[in-house]
Amino acid sequence: MAGFIGIRRFLERAWSAGEDIVIHRANPASGGTETRMAVSSFLHVTGDRPEGRALREALHEMNSLDEQSESETPVEAKSRNRSPWSKPGDGTV
């Protein structure tokens, strides 16, 4: 997500922390500092402003992708091929 004054925001999946993080990177003219904030805190601060709406949309898209990948049929494990040097019936793999 990019702001109208060059502010850039990124969403980081923080699986181990249990909550995703919004990374806010100011433009170089403002010092280019980077801050990190939990998604819930960011949404609390931004409310229904454009950056809050953009984050909600991005989260919705990410969740849709997560659900889609979870619902895919798991790949079956392939049977291991016998070694070309094994004798039929000796169980060598």
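Please read all numbers here as calculations on a predicted model, not as lab measurements.

## Thoughts on helix α1 (residues 39-46)
Next, step 1: Taken together, the buried positions of α1 are V39, F42, L43 and T46. End-on view of α1: buried residues confined to an arc of 95°, all on one side of the axis. Turned more than 90 degrees away from the buried face of α1, the exposed residues are H44 and V45.
Next, step 2: One or two positions beyond α1, positive phi appears at G47, with a value near 55°.

## Considerations on the pairing of strand β2 (residues 21-25)
Next, step 1: Across 5 bridges, the pairing between strand β1 (residues 8-12) and β2 is antiparallel. When the bridges of β2 are listed, R8 appears paired with R25.
Next, step 2: Two strands pair when backbone bridges link them, and β2 and strand β3 (residues 34-38) are joined in this way by 5 bridges, in the antiparallel orientation. Pairing of I21 across the sheet is with A38, part of β3.

## Some thoughts on the nonpolar core
The nonpolar side chains of a soluble globular protein tend to be buried with one another.
Next, step 1: The biggest cluster of nonpolar side chains holds 6 residues, and these are V22, V39, F42, L43, L55 and L59.
Next, step 2: Those elements that place two or more of their residues in this core are α1 and α2 (50-71).
Next, step 3: Counting residues per element, this core draws most heavily on α1, which supplies 3 residues.

## Regarding the pattern of salt bridges
Next, step 1: Scanning the entire structure with this criterion turns up 5 salt bridges.
Next, step 2: For E12, the salt bridge is made with R36, and the minimal N-O distance between the two is 2.9 Å. Of the two residues, E12 sits in strand β1 while R36 sits in strand β3, which places them 24 residues apart along the sequence.
Next, step 3: Linking R13 and D20 is a salt bridge whose minimum nitrogen-to-oxygen distance equals 3.2 Å.
Next, step 4: Assessed through its relative accessible area of 26%, R13 is described here as partly exposed.

How each quantity is defined
Residues numbered from 1 in each chain as written. Predicted model: local features only at pLDDT ≥ 70, side-chain atom pairs only at ≥ 80, totals over all residues. Heavy atoms only, no water. Buried < 20%, exposed > 50% of the residue type's maximum accessible area, 1.4 Å probe, protein only. Helix = DSSP H or I, 4+ residues; strand = E, 2+ residues; numbered from the N terminus. Arc of directions from axis to C-beta. Pairing = 2+ DSSP bridges. Core = buried A, V, L, I, M, F, W, Y, C linked by side-chain atoms within 4.5 Å. Salt bridge = Lys/Arg side-chain N within 4 Å of Asp/Glu carboxyl O.

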